[in-house]
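So you can see what is in the structure, the chains are spelled out below.
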Amino acid sequence: MNKLTHFDASGQAHMVNVGDKPNTHRIAIATGKITMLPETFKMVEAGSHKKGDVLGIARIAGIQASKRTSDLIPLCHPLALTHVSLEFKSNPQESSITCQVRAETTGPTGVEMEALTAVQVALLTIYDMCKAVDRGMAMGDIKLLEKSGGKSGEWKSS
């Protein structure tokens, strides 16, 4: 197993030095799901929520969050993102919505944290917009699906 990289030899937290790492094209794909009452799900799907287009606003919130990841995660490097996309898939049988994010950059460090942050904030935005009618919504299954680029190359969730 590899060692934790955010601690120096004396155990102190530090920001990893990526200054000598080559710039490579890096991609990360993350996912997560929010489950709600069937009535709430129907409202989101129909676009009849009084606050407007829930998924459209959640998409913008996720993109915005990906760009602010280093402001939220203390040892995360600020990145020049070259692309961020969010897709929502509805599952009427579960009354759930899955969010999948693809984040890309060309640089010396990966975009996993940006993709995961975008998923979390998109789901939180759905919760925020719908909490007046459904406080019991649950978010989960948040994980990295795959990443590519850099020294460690390709990785896919099993």
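> Explain the sheet that holds strand β2 (residues 81-91) to me, using residue names and the numbers behind them.
With respect to topology, five strands assemble into an open sheet ordered β2-β3-β1-β4-β5, the strand pairing being antiparallel. Among the strands making up the open sheet, the edge pair consists of β2 and β5 (155-156). Pairing analysis gives eight bridges linking strand β1 (residues 24-35) to strand β4 (residues 138-148), with the strands arranged antiparallel. Residue pairing for β4: Thr35 is matched across the bridge by Ala138. Sitting on the sheet, helix α2 (residues 54-67) touches β2 and β3 (96-107), and the angle it makes with β2 is about 145°.

> Before we move on, can you summarise unusual backbone geometry with the specific residues and values?
Phi at Ser95 is positive, roughly 50°, even though this residue is not glycine. Tracing the backbone through its elements, the reader meets Ser95 in the loop between β2 and β3. In the Ramachandran plot, Asp141 falls in the positive-phi region, its phi being about 55° despite a non-glycine side chain. Counting through the fold element by element, Asp141 comes out in strand β4.

Definitions and cut-offs
- Starting from 1, residues in each chain are numbered consecutively following that chain's sequence as written.
- This being a predicted model, a pLDDT of at least 70 is required before a residue's local features are given, and a value of 80 or more before pairs of side-chain atoms are given or counted; all residues contribute to the totals for chains, interfaces and linings.
- Excluding hydrogens and water, the side-chain figures rest on all heavy atoms present in the structure.
- In short, DSSP must find at least two bridges between two strands for them to pair.
- Counting from the N terminus, the helices are DSSP H or I runs at least four residues long and the strands are E runs at least two residues long.
- Should any heavy atoms of two residues lie within 4.5 Å, those residues are counted as being in contact.
- For helices, the fitted line uses only the C-alpha atoms of the stretch in contact; every axis is such a line through C-alpha atoms, and the angle between N-to-C directions lies from 0 to 180 degrees.

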